[in-house]
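Commentary on secondary and tertiary structure
Spelled out, the chains give:
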Amino acid sequence: MPFCNRRLRTIALFFVLFWNANLCFSQNEYVIISDITFKGNNKTHGHILAFEMNIERGDTIALSILSKKVAEDEERLSSMGLFTSVKINVTKWVGETARLDVVVVENLFIYPYVIFELADRNFNVWRKEFNYALKRTNYGLAMTHINFTGHKDKLKVKFQRGFTHKYELFYEFPYIYKGWGLTANFLYSDNKEFGYISNNNRLLFYKDRDEQVVLKQHRGSLTLTHRTSAYLTQQFRSEYINVNIIDTVAKSLNPGFLGQFRTELPFWHFNYNLIWNRTLYPLYPQGGYRLELNLRKDGYNRNAAVNNAWASLDIEYHQPIRKRWILSSRIKGKYYLLNNGVPYMFYGALGYGNDGLTGYQLKVMDGDHFFINKNALKFRITDRDIVPKIKWIPNQFKKMNIKLFLRGSFDYGYVSDPQYGTINPLSNSHQYGYGPGLDAVIYNNLSVSIDYSWIRNGENGLFINSGFNF
């Protein structure tokens, strides 16, 4: 009997030692996030930051990937544009649990500013084709608040004169209820000069001799947004547009500008967007991928002035291949599912917005269907914080983060243009551009790029681009 008791005690002791050893081993393998605290967010609500993070309270994370996941969330919070500095510290280690302290320095939220911007598609067009003409600039007063109530809600008011007269009111509230948000936008604009057609892949502009308004637009839209997670966003948008142009363009210069010799085009369009964004630092992605699906219907029935439908798919992928090297690729295609004659005003394909090819900054390729493939190999020169030694500088700008990248690009594109292809030789043919570039990202909000590029026909040149993250 005593022998049996000793055996039972030995077996029990073995299991106790095994269990404790297993606990010790487990403590070295993972950590449980017991709590997440936020500091420095004097205006921004904490649940807004928590929604943007991938790590959540109660998560169990392997120690081998903890630092990587923390760094990813630092990048995500930095890319919100609300903070000049973000630091996540792992604290309060108790056994297998730990707390995350998110320490932020809030950016300036209110940006009242004087408008002085180029009316042309980019700086390179203004510089090379119009010789820095001041008449092709817009000026006025505007105000942007990027965190109006502390919910990352954005308010914009614009009063603009110059090349384009514009009056605009925009408000976006991204967190109404459980990931649902709402955006409203109202705009009136008019021009005394506008691009009415492309010829030899360059825009031609019409201007009235008597300096009369030749183009007017009224727009109003409502967009319902649903974010099921920090990565997935869906948008449902309805917009009313009313466009008026001068008789000279509608009747003779380009009867297809609004379609069928029209001088006025009122119509509704409906748009659905799905965005799946898993990029690291979306302003200038350094890893991850992004997918955007866009479905649009112009006109609500077959008897509407415009009755078209199209779909586009945009996919980009960014792969870190070494400590400082990143390989990026983007593919986008657009295809008309229903084509009853696309008015030229909505016929733009490549050369507008973000849909351009390296080296083609001075060109436009109008059309209905198009395909582009953009590729870049990037080398990170530096990613550091600089403290300017200027006493009067605002607290939000006392620490300047600057990222510099050396880049080599190769882009390919094709545009189908059945309407105007005979006068635009780059359309309906394969095009490509390539060359080196230098990119800078400053204060997590401003990006500047300098490129020297060549295109298929041998043309080359120096090009400059910039943009803001608000």
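Read on for an overview of the structure.

What counts and what doesn't
- Residues numbered from 1 in each chain as written.
- Predicted model: local features only at pLDDT ≥ 70, side-chain atom pairs only at ≥ 80, totals over all residues.
- Heavy atoms only, no water.
- Pairing = 2+ DSSP bridges.
- Helix = DSSP H or I, 4+ residues; strand = E, 2+ residues; numbered from the N terminus.
- Axes fitted to C-alpha atoms, helices over the stretch in contact; angles between N-to-C directions.
- Contact = heavy atoms within 4.5 Å.
- Salt bridge = Lys/Arg side-chain N within 4 Å of Asp/Glu carboxyl O.
- Core = buried A, V, L, I, M, F, W, Y, C linked by side-chain atoms within 4.5 Å.
- Buried < 20%, exposed > 50% of the residue type's maximum accessible area, 1.4 Å probe, protein only.

What follows covers the sheet that holds strand β4 (residues 97-106). Pairing within the open sheet is mixed, and its 4 strands lie in the order β2-β1-β4-β3. The open sheet has two edge strands with one neighbour each: β2 (60-62) and β3 (83-94). Across this sheet, the average inter-strand angle for adjacent strands is 40°, counted without regard to direction. Two elements, strand β1 (residues 30-39) and β2, share 3 bridges in a ladder whose sense is antiparallel. For Ile-32, the partnering residue across the bridge sits in β2 and is Thr-60. Contacts from helix α3 (residues 63-78) reach β1, β2, β3 and β4, with the element oriented near 150° to β3.

Further remarks concern the pattern of salt bridges. With the rule as written, the count across this model stands at 17 salt bridges. A salt bridge links Glu-239 to Arg-219; the shortest N-O distance between them is 3.5 Å. Placement of the pair is Glu-239 in strand β13 (residues 232-245) and Arg-219 in strand β12 (residues 215-227), with a sequence separation of 20 residues. Among the ionic pairs, Lys-363 bridges to Glu-459, the shortest N-O distance being 3.2 Å. Pair noted here: Lys-363 is in the loop between β17 (325-338) and β18 (370-386) and Glu-459 is in the loop between β21 (446-455) and β22 (460-468), with a separation of 96 residues, a long-range link. Through salt bridges that share partners, Asp-314, Arg-330, Lys-332 and Asp-355 make up one connected network.

Formed by 25 residues in total, the largest nonpolar core has its most connected members in Ile-33, Leu-77, Phe-83, Ile-88 and Val-102. Every element with two or more residues in this core is listed here: β1, α2 (46-52), α3, β3, β4 and β8 (164-177). Looking at this core, the element that brings in the most residues is β4, giving 4 residues. If sequence neighbours within four positions are ignored, Val-102 has contacts with Ile-36, Thr-37, Phe-38, Lys-39, Leu-49, Met-53, Leu-77, Lys-87 and Ile-88. Ranked by size, the runner-up nonpolar core spans 24 residues in total, among them Tyr-206, Leu-215, Leu-258 and Val-306.

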